[in-house]
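# Coordinate inspection notes
Residue strings, one per chain:
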Amino acid sequence: MLHRAFKIVIILACIPVVLMLLYRPSFVHPPSTLMLADLALFQGYDRQWVPLDKISPDLIRSVMMSEDGQFCAHNGVDWVQMRSVIDDALDGEETRGASTITMQTVKNLFLWNSRSFIRKGLEIPMALTANVIWSKRRTMELYLNIAEWGPGIYGAQAAALYHFKVPASKLTARQAALLAVSLPNPIDRNAGKPGPGLRRLAAMVERRARNAGPYITCLDQ
């Protein structure tokens, strides 16, 4: 029985790796687990895939500066941030998220949405593997096409049209920053109808994005 259980674990572990290899070509447009859940519940969803060069550079820079400023430097996991979170947890302090864009991408594609140590434990090896299989550019393209930006609204194109009535390529710097800062909680944070707090966050991210040149060089590859 132990041998059979071990074989099952190996097979289950291989499934995401096989899917990562299948998702590597740019012509493959995978759905997220949330999209599949919407379909299973007969709710439907809006996602219009666009290649990365059809997404406003302002949105790419804003998302990176808001979500993962070290995206081009780490190997899929930001170990400095991860150690800080672990130290806070051991000290009994409230922990904050330490998910990189790579970790969020594999979570959206292969895992569930609620926070748990089990999910985080699966995210880390998946992110390390994805960083080997996918280029940074492909990871960013996947992320921006599966990220949730409202109930049933997935990807930059659908989000730009829904919130600002423009395609993703035509987003202004402020609109891009509003979309970026709404990502941690897109149900409660409405990029199209921001409150004062969201506008302040967007202004800060917009300033960071203006000076993001040295941080985004990996997307040129």
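Residues numbered from 1 in each chain as written. Predicted model: local features only at pLDDT ≥ 70, side-chain atom pairs only at ≥ 80, totals over all residues. Heavy atoms only, no water.

### Brief notes about the overall build of the protein chain
For the protein chain, the count of helices and strands is 10 helices and 2 strands. Sequence-ordered secondary structure for the protein chain, helices as α and strands as β, is α-α-β-α-α-α-α-α-β-α-α-α. Against the compact-globule benchmark of 17 Å for 221 residues, the protein chain has a radius of gyration of 18 Å, which places it among compact chains. Projected onto the principal axes, the alpha-carbon positions of the protein chain cover approximately 60 × 45 × 35 Å. For the protein chain, the residues scored as buried account for 45% of the 221 residues in total. Contacts in the protein chain between residues far apart in sequence, at least 24 positions, make up 68% of those at least 6 positions apart. Total accessible area computed for the protein chain in this model is approximately 11900 Å², and 60% of it derives from carbon and sulfur atoms. (Helix = DSSP H or I, 4+ residues; strand = E, 2+ residues; numbered from the N terminus. Rg over C-alpha atoms; globule rule 2.2 N^0.38 Å. Buried < 20%, exposed > 50% of the residue type's maximum accessible area, 1.4 Å probe, protein only. Contact = heavy atoms within 4.5 Å. Areas by Shrake-Rupley, 256 points an atom, 1.4 Å probe, with all protein chains shown as cover.)

### Quick notes on a nonpolar patch on the surface
A surface patch of nonpolar side chains, about 380 Å² in accessible area, is lined by Ile8, Ile11, Leu12 and Ile15. With respect to the helices and strands, the residue Leu12 is situated in helix H1 (residues 2–22). Given a relative accessible area of 52%, Leu12 falls into the exposed group. (Patch = residues over 30% accessible without salt bridge, like charges linked within 9 Å, V, L, I, M, F, W, Y side chains within 5 Å. Salt bridge = Lys/Arg side-chain N within 4 Å of Asp/Glu carboxyl O.)

### What to know about unusual backbone geometry
Here the phi dihedral of Phe42 falls at roughly 60°; this positive angle occurs in a residue that is not glycine. In this fold, Phe42 is placed in the loop between helix H2 (33–40) and strand S1 (46–47). A relative accessible area of 79% places Phe42 in the exposed class. Of note, the phi angle at Lys165 is positive, near 60°, even though the residue is not glycine.

### With respect to the packing of helix H9 (residues 173–182) against helix H10 (residues 196–210)
The packing of two helices is summarised by the inter-axis angle and the distance between the axes. For the pair H9 and H10, interaxial distance at closest approach is 8 Å and the crossing angle is 115°. Here H9 lies roughly perpendicular to H10, going by the angle between them. Here the hand of the crossing between H9 and H10 comes out right-handed. Across the interface between the two elements, Ala173, Arg174, Ala177, Leu178 and Val181 of H9 pack against Leu198, Arg199, Leu201, Ala202, Ala203, Val205 and Glu206 of H10. For the contact of H9 with H10, the class distribution of residues is 9 nonpolar, no polar and 3 charged. (Axes fitted to C-alpha atoms, helices over the stretch in contact; angles between N-to-C directions. Parallel < 35°, antiparallel > 145°, perpendicular 65-115°, else oblique. Left-handed = near helix turned anticlockwise from the far one by under 90°. Nonpolar A, V, L, I, M, F, W, Y, C, P; charged D, E, K, R; others polar.)

### A few points about the state of the cysteines
Scanning all chains against the criterion turns up 1 disulfide. One disulfide in the model links Cys72 with Cys218; its S-S distance is 1.9 Å. Measuring the twist about the S-S bond at about -65°, one finds the Cys72-Cys218 disulfide to be left-handed. You can see Cys72 sitting in the loop between helix H3 (57–67) and helix H4 (79–90) and its partner Cys218 sitting in the segment after H10, a full 146 residues away along the chain. Judged by its relative accessible area of 23%, Cys72 is partly exposed. Given the relative accessible area of 8%, Cys218 is considered buried. (Disulfide = S-S within 2.5 Å.)

### Observations concerning helix H6 (residues 117–133)
An ideal rise of 1.5 Å per residue puts 24 Å on 17 residues; H6 measures up with 25 Å between its terminal C-alpha atoms. The set of residues buried in H6 consists of Arg119, Glu123, Ile124, Met126, Ala127, Ala130 and Ile133. (Expected span 1.5 Å × (residues − 1).)

### Quick look at the side chain of Lys107
Topologically, Lys107 is positioned in helix H5 (residues 101–110). Buried charge Lys107 goes without a salt bridge, the closest partner of opposite sign being Glu123 at 6.1 Å. Side chain to side chain, Lys107 and Asn108 meet in a polar contact 3.1 Å long. Leave out the neighbours within four places in its chain, and Lys107 touches Thr33, Trp112, Asn113, Arg119 and Glu123. (Lys, Arg positive; Asp, Glu negative; His and termini not counted. Polar contact = N/O pair within 3.5 Å; in protein donor to acceptor, adjacent residues only side chain to side chain.)

### Thoughts on the pattern of salt bridges
Enumeration over the complete set of coordinates arrives at 6 salt bridges. The residue Arg61 makes a salt bridge to Asp58 at a minimum N-O spacing of 2.8 Å. In this pair, Arg61 and Asp58 are both assigned in helix H3, 3 residues apart and thus about one turn of the helix distant. What emerges from the salt-bridge pattern is a single network uniting Arg119, Lys120 and Glu123.

Without other data, these values stay purely geometric and don't point to any function.
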